[in-house]
Each structure stands twice: as C-alpha cells, then as structure tokens.
Amino acid sequence: MGLLRYIAVRAMLIVPTVLILYTLVFIVLRILPGDPVLAVLGTKNIPPEQLEQIRHNLGLDKPYIVQYFEYLWNVLHGDFGTSMVISGRSITADLLERLPATVELAIAGLIVSLAIGITTGFIAATKRDTKLDLGLRVFGSVTYTLFIPWLGLMFQLIFAVWLRWLPASGRIDPDVGLETVTGFYILDSIITGNMEAFRSALSHMILPALTLGLVLSGPYTRLVRTNLVKALESNYVLAYHARGVRGSRILLHAFRNALIPVVTYAGLQFALLLGGAVLTETTFDWPGIGTYLVEKVSYRDYPAIQAVVIVFAFFVGVISLIVDLIYALLDPRIRY
Amino acid sequence: MSKPILIVEDLTVYYYTLKGIVRAVEEASLKAYSSDLVALVGESGSGKSTLGYALLNLVPPPGRIVKGRVIVNGVDVLSLRGDELRKARGSLISMVFQDPFTTLDPVRRVGDQILEVLLEHGVPLEEARERVVEVIRAVGLPERMARAYPHQLSGGQRQRISIAAAIALKPRVLVADEPTTALDVIVQKQIMDLLDDVRKTTGMAIILITHDIALAAERATKIAVMYAGKIVEYGPKDKVIGDPLHPYTKALLKSVPDIESREWPRPIPGTPPDLRKPPSGCRFHPRCPLAMDICKRKSPNIVEVEPHHYVSCWLYEGGEASG
Amino acid sequence: MVEILSKALTRILSTIIPSRVSGRGRALVYAGLAIVLAIVFMAIAAPLLTPYDPTRRAGRSFQPPSWEHPFGTNNLGYDMWARTVYGARTVLIVVFLSIVLSMAMGVPLGLFSGYYGGRIDRALSMLMDAIYAFPSLVLAISLAVALGPSLFNAAIAIAVVYVPTYFRMVRGQVLSIKEELFVEVARALGIPTSRIIFRHILPHLIPTIMVVFSLSAADAVLTEAALSYLGLSVQPPTPDWGYDLYKGKGFVLSGYWWLIFFPGLMITLLATGFALIGEGLSEQIRRERL
C-alpha cells in the first residue's frame, strides 16, 4: 500500500521534467528554425503550392500554441506524427523498431561500467594507499575523458581489423536469420534457441558495450572506493570486529553500505549513458535510436528529432523512478 | 578471593603517526575479578579508550601494542592470532561503544546483527535464534524489536541492542567505552542499571571507560585513574574516592561540582601534556602542586600502598620502595 | 569588473604557483596545464609547425606516417599533421566561446536566483534541473540542428547545455554563503544588494567556478568533438579533429590507423588536460577547507 503510493508520487514528479523538456524542444525545433519546411525542402525547387500542402499536412500552418497542444495530445497517445522527409512514414513505428537495440546496448554498457567500476573501486579501497590504488584512481579519472568514437574505432582496428577476433560493426550477422520476438536480439536468440544467432549477437555486442562501459566506469571506481573506505572506517565496522565477526563478512557488510550511493549515481548517470549510446551507436553502425537521430539530423527531419528528444526525456524520467525504487529497497532508512 | 578473570600487565600502546610516536598507553596494569565494575577514569586524551581497545587487541592503525599481556580467563588475548583472536572477541571479551547511533549497521535488522555474532562463533542456527530472543529480552526490550532497523530505535534502545550483541555469547569481560555519554540523563541511568544487572547475574567483569568521575563513584567497585597514558592510582572505589592518594586524583575530585559540599569546583591548572613528547619523570609533575626534584627526573613505579590500593607517586614510594 | 578579474587571477596564480600548494593537487594541475598549454601553443604557432596548408593536397593519398608527413595523409592527400595543428584552433575557439558564454549566463542567473529566492528561483531551478538531467549531447545536437551547422552555432549549442552546471553550482554556494555573518553585516550596513553580490559573495565563488570551468571545458571538448563528428560543427574543409575522426571511420576496414588514431588522441588529450586541471584544483580546495 505504502509502496504503491510512493511509486505514484515519484511518477508524478516525472511529469514536470518531461513537460519542460517537451516545451524546450518545441521551442528549439519548431520556433527557432523559422519555417522548417522551407529549411528542409526550400532548396529542392518544389513549387510553392506543394510546400504549402506539405505545411498543411504537417499542421505547420496553424498557430504555435495550437501546434503545441495538438502535438502534446498526439504524443500522449503515442503518436509522434510522420516524417517530414519520407512522407507518410510513421515516426512511432520507426522508434519502436529501433528502441530495443538502444535499450539492449544501454543495459550492456551499464553492466560493463558497473562491473569495471565496482571491481576497480573495491580493489582500490581494500589496497588503500598502495601503488595499485593510485593506478586504479588514475585509470578512473582518465577513462572518463576518452572520446567514445575514438575508443570504439581503435577497438575496431585492433580486434576486428588486425586480430580478426570480433566483428567491427552492426548488431548481428544478417545470414543467421534470427526470428525477432521482443526485438532484443540476445534475448530472442535464447527464446528461439538459435545458438548461432546468440553467438553472433553476443560477439557484435562485445566491442560497443566495452567502449561505452569503459568510458562510463571511471566515476563508479571513485564512488565505490570513497564510500567503501568511509564504510570501513565507520564505527559499526569496528563494532563488528569487537564482536568477533569474520573479516570477510564485515567487508561484505561494508560493501553493501557503500553500494547504496552507487545506485543513486547510476540513475543520475543514465543521461550520460544515453548520450554515450548515441556516439557508440554511430561508431558501430548500431541500428538504435542514436543512429536514427543522426540519420534524421542529416536530413533535418525536425518531427523525428523532436520525437527522439521526447522519448529520451521520458526514458530519463522512468529510470530515475526505477532507481528511486531500488534505492528504497536497498536502504531501509528510506520509507515510503 | 578467587582468581582474577582479567589481568592486564605492562600494557603499552603507541601510535606511529607521521608527526611522531604518540605514547598513548604506558605500562598499564590492572586486575579485575568476577562481577567487578572497574571504572577507568581520566580526561579526554588520557589514553583510556586506547587501553579499552587494546584489551580486545583491536587498536586501530597506526596504533600498535608494543608490549604487555592481557589475560582473560587464563587466555592471553594479545598472543592470539587470526581466527583464534576473532573467536576470542565476542565470546571471551567484548565491547560496547560510545555512540549507539553509528555502531550498528544501518542497513541490517538488529536481530540479524545479533544472530550473526552467535553464528560466527559456531552456535547452531536454531539455538542461535532462541538466544537472540533471550538476550533481547534480557536487555529489557520486547522480542519484536529484533525485526527493527537501527534508525527505527531510540538511542537508549540502540545501546541496549549493542549491549545485547556484545553479551550474546556471555563473555567474561565487557569493555564499555563511555556507553552513556551520548544519551540523556534518564536513559543513562537505565543503561547503567542494565549493565549492573548483567554484571551481577552473569558474573561478567565490566571495564567502564568514562570521564565522569561522579558516575564512577556511584557505580564502580574499583577505580583506575589515568593521566597522560599512565594509570596513576588504582584501588577499591571507597579508597580512591574516600581517601585519594595521588595528587592528580585529588585534583580531579575537586574539579567536579559536588552538590553536598559548598565548595566551588576547582579546575586543575595547566593542560594535559602532548603525548608525542611526554614530560620527563612523572608525567604529572608540571601540573603537580607537590612536585619535588625527583619527580622531574625519574618516573615513579606503581606500588601497593595499602592492600589492593596502588599508586604511582614519589610521595609514597620515597623511603620504602626500591626507587 | 577589473577588480574581480584581478582578484580571480591572483587566486588562480596562488593555487598554481608552488608556495603553500601541496603535492598531489599541484602535480595534477601542472600535468593538465602542460597538456593544455602545449595544445594552445600548437594552435597559435600552427604555421610555424607545418609547411602544409591543411586544406590542400600535400602528396599522395593514404600515406602512413613518415618524416615528410608525421601523421600521414588522408584520402584527399591532405597532410594530417597540418590538419591536427590547425584543427587545434577550431576546437579551442569553440570550447573557449562556449565556456565563456555558458558562464556568462549561468553564473549571474545562479547568483541572483540563489540570492533572491522565491518563485522565480523555484521556476529557474526546475528548468535548469530538467536540462541538467537530460543527455547533454542529445540536447546539443538538437540545438545545433535548429541553428544550422557552423562554428559559432556549435559554440552556442554547447554553451546552452552547460548553463545548468554553472547555475546549480553557483546557486548552491550562494544559498550557504548568504547565511553567513559577513553578508548579514553588509546587509545591515545598508550596502546595496548588487554590491553585496558582486563584491562580497562572488569572490568566494571564484575557486569553485575555476574548478567547474576546467571540468566543463573537458566536457565541452568532448561535446564539440561529438558535434563535429556528427557533422554539426564547422563545415569541411576547415580542419577539425572530430570531423577528421569521422572521415577516418570510413577507412577502418582498410586499416589506415593514422586517420583515426591521431585526431582521436588529440581530442582525448585535450579533454584529459582540462580534467586534470579541474581535479587538481578541486583537490586543492578540499585540502584548504580541511
């Protein structure tokens, strides 16, 4: 009962954030460019009547305020309108097709970054003030400033071109004929029992996930180290020792305490993860929302770009909700 | 009298800091018998907490036990290593800390924290479960509190839980480091009553570390007075309070307000020494109104001036002892 | 204004110059400064460092690094070393412009919002938090698209994205400083508000602003590179590292590593340089507060 209320309240808090971003993006992409139709198609010698027709079809001839609410209404019903470049193409359908790829990559990236960050942070904290600790801390601060496309392309050069261990780009071998159920290839290949597809999907996943995960791991290294050091110096750890609890168990308890802030941070960092995913997808020709955005950017397909931004804003909101929930489950001090 | 259950001999603890060696505890010796409540009193920085930690062989770095012996029930705690030492903590000698707000793990149920102590010492699960209930009742809390998280309890309740966790295995000695300082007055009394009760029913000896000499006078059976890392006087409560011998003890007693007497409390002149460079000879001599020449040169031994009453001062060593 | 600047400068210098500055923080600041200054020097002295024009054919296409072309040549036969040194100009200009712009917007907004509080403060904070929570790169991309690809527009897009960083930091600090005694005294003495804000509060913020400046400069380098990688910054043939890296991507499978390695390395180095300065300074401030 209390939990449901808590979820409801937290969910309500997403609304203003998404609305602000919706408004912002409306201003940026509908009002700033002046006449988007002219900006996109003006150079193509299309007769003015036809431009007028396109404007009318897209609803761009209405006053801004009407457009604002009409579009909002449609978005709330899951309708992001149609592409301005390929006429009649439903943006919602495009996004749904691309979404699983991005989510799959983001989850894999998150897992890699947490695995690297938590391991290195843990080692650094337990080997405090040694050379290893210093090295891991430097590693933590340097990875953050790696430029994702550079790291990704270097990985491609080394592991795909020179060593030929892994595929350079794409999401799966087109020949393996995977039957999609959920759109998550790794999941689908397990569901359909297609081992070949599973191997292919996994091997395509390794380099992008490693690229994204490595760059985002640095802050976790530091966070885990700082918090674990703090926990190990706390009074309850001393008390555990005084009561004769095994060192390895005490470390485990301290670790659990140290992980709580990490969860919050993982939520805050989700925006970075999505931004990083855009670059990672472009670098690995990964057919997700990031590459979709970049494709649409080159055509200046405003409605599509707008849709991507709104979907991302929604994502960020939902993730912060999920993180709040995990946090509440991990930390008994949070009551709902 | 029977054999003492705690014997401390020549216990010496130094902190090896970057700014020099801090001589926190120097050649401390003590004895405690079953059901004793030994109050270790002294100003802050006198080394009393360090001595408490050393009794469990739990001095945090950069501190190190340089020499000495701590014998609990015939076992020298300082000679134990690894798993033996771990098991001695909790079952032979245990500790309760000053701040009940930070000494319990905030994210685990308090019952689980007590249960863990039992399981870690090889008590079978079923029996351990029963013991948790028993010990929670024994510290005066309702059984259902086992399911609470620390933040759901009051300070007094947390301290009771800490005591429960510390005595769950019925150790012979319990070190209580300022267990009531963070609590309000009424709760203080309740906690002290609980400790008294535990001591009398189990025969456990309690080492009470406190700066509150009035509390020591009220509750202790024996009092040890520490100054600048040394035990300067040690004896039965009535002797130390009623007939103090060491000039520091006298000054300390006069420095606390007393409702019955009309005298104003008199602070001790001067400041406690820097333990990185303790004064030569007797460490109290710079502040001592009765300091003699020898006090500056040589450190007095601790001698038994009357039965069970020890003091470390040249005023009492002079003629009779070796010097 | 001059006074604030000179105070800021002494403050920076006193942090950077050895005296009273201690070990690790100083080492980090030095390392970072060395990298950044080397790249700044590269940008300024570009014509002296290479005989080639970065937008003209300098030899055969796809030459690997050699004495003649230390970073090799690309598909059009342009000298990559020349593109690297001239490219430093582009990055530095965009980064400098964007940081100054976002500071010019974020700092005053944060100062006034934090000082006055009230409804406007709440509304602004909500707006800034929403922007802050959003993937900055995606926002920068949509702004750059709306404004059209150019060097100046890229700088504006990046600037807007980092305004909340300054706003939040400044506002938070003002909230705590304005409760302090010396501000109360100044208010009681009837000193005008604008003077209190600029003369009494702002100087206290300068160390933190310096930290955020360096850290957001590191982010700005990466964002600029990303925009230009996606074709949303300066247009070809102007040399720009991000764009060169993007072009290099087309030749991964051919194994022309120098077209990828050098531009990307430069981006990463410059970002690392700024980040090191920022971290060194913040370590410094932490120590001073201890």
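Above this text sits the structure in question.
Reading guide: rules and limits
- Residues numbered from 1 in each chain as written.
- Chains lettered and ligands numbered in written order.
- Predicted model: local features only at pLDDT ≥ 70, side-chain atom pairs only at ≥ 80, totals over all residues.
- Heavy atoms only, no water.
- Helix = DSSP H or I, 4+ residues; strand = E, 2+ residues; numbered from the N terminus.
- Contact = heavy atoms within 4.5 Å.
- Buried area = accessible area lost by both parts, 1.4 Å probe.
- Salt bridge = Lys/Arg side-chain N within 4 Å of Asp/Glu carboxyl O.
- Polar contact = N/O pair within 3.5 Å; in protein donor to acceptor, adjacent residues only side chain to side chain.
- Nonpolar A, V, L, I, M, F, W, Y, C, P; charged D, E, K, R; others polar.
- Phe/Tyr/Trp six-rings, centres within 6.5 Å; stacked < 30°, edge-to-face > 60°.
- Buried < 20%, exposed > 50% of the residue type's maximum accessible area, 1.4 Å probe, protein only.
- Pairing = 2+ DSSP bridges.

## Concerning the environment of Val232 of chain B
Residues and elements named next belong to chain B.
(1) Moving on: Residue placement: Val232 occurs in strand S10 (residues 230–236).
(2) Moving on: Distance in space between the C-alpha atoms of Val232 and Ala128 is 43 Å, their sequence separation being 104 residues.
(3) Moving on: Beyond its immediate chain neighbours, meaning those up to four positions away, Val232 contacts Val225, Tyr227, His246, Tyr248, Tyr310, Val311 and Ser312.

## Description of the interface of chain B and chain A
(1) Moving on: On the chain A side, the residues contacting the 25 residues of chain B number 20 residues.
(2) Moving on: Buried area between chain B and chain A, both sides added, is near 2,100 Å², and the carbon and sulfur share of it is 56%.
(3) Moving on: The largest share of the area that chain B buries against chain A comes from Val107, Glu116 and Glu120 of chain B, three residues that together contribute 26% of it.
(4) Moving on: Between the two partners, chain B and chain A, sit 3 salt bridges.
(5) Moving on: Between Arg249 of chain A and Glu116 of chain B there is a salt bridge; the shortest N-O distance is 2.6 Å.
(6) Moving on: In this assembly, chain B and chain A are joined by 11 residue pairs in polar contact (both at pLDDT 80 or more).
(7) Moving on: Across the side of chain B that touches chain A, the residue classes break down as 12 nonpolar, 7 polar and 6 charged.

## Topic: the packing of aromatic side chains
(1) Moving on: Applying the stated criterion to the full structure yields 34 aromatic pairs over all chains.
(2) Moving on: Judged by centre distance (6.0 Å) and plane angle (50°), the ring pair of Trp150 of chain A and Phe261 of chain C falls under tilted. Taken together, the residues Trp150 of chain A in helix H7 (residues 148–162) and Phe261 of chain C in helix H11 (residues 258–289) connect one chain to another.
(3) Moving on: On the accessibility criterion, Trp150 of chain A (10% relative accessible area) is buried.
(4) Moving on: The class for Phe261 of chain C is partly exposed, based on a relative accessible area of 25%.

## A word on the pairing of S10 of chain B
All names here are of chain B.
(1) Moving on: Buried residues dominate S10, accounting for 6 of its 7 residues.
(2) Moving on: Here strand S9 (residues 222–227) runs beside S10; their pairing, made up of 6 bridges, is antiparallel. The residue bridging Tyr227 from the neighbouring strand is Lys230, located in S10.
(3) Moving on: Where S9 folds back on S10, the antiparallel hairpin that results is connected by 2 residues, among which Ala228 adopts a positive phi of roughly 50°.

## A closer look at the interface of chain A and chain C
(1) Moving on: Counting residues at the interface gives 44 residues for chain A and 41 residues for chain C.
(2) Moving on: When residues of chain A are sorted by the area they lose upon contact with chain C, Thr145, Phe147 and Trp150 of chain A head the list and together hold 19% of the total.
(3) Moving on: Linking chain A to chain C there are 2 salt bridges.
(4) Moving on: Joining chain A to chain C, the criterion identifies 8 residue pairs in polar contact (both at pLDDT 80 or more).
(5) Moving on: For the side of chain A that touches chain C, the secondary-structure elements that each account for two or more residues are helix H1 (2–31), helix H6 (131–143), H7, helix H12 (270–283), helix H13 (289–299) and helix H14 (302–330) of chain A.

## Structural notes on the sheet that holds strand S5 (residues 75–76) of chain B
All names here are of chain B.
(1) Moving on: Taken in spatial order, the 4 strands line up as S2-S1-S4-S5 in an open sheet, and their pairing is antiparallel. At either margin of the open sheet sits one strand with a lone partner, and together these are strand S2 (20–32) and S5.
(2) Moving on: Both strand S1 (residues 6–17) and S2 contribute to a ladder of 9 bridges, which runs antiparallel. What sits directly across from Tyr15, in S2, is Val22.

## Quick look at the pairing of S9 of chain B
All names here are of chain B.
(1) Moving on: Buried residues dominate S9, accounting for 6 of its 6 residues.
(2) Moving on: The two faces of S9 match: Lys222, Ala224 and Met226 on one face and Ile223, Val225 and Tyr227 on the other face are all buried.
(3) Moving on: Pairing analysis gives 4 bridges linking strand S3 (residues 37–41) to S9, with the strands arranged parallel. Its bridge partner being in S9, Val38 is matched across the sheet by Lys222.

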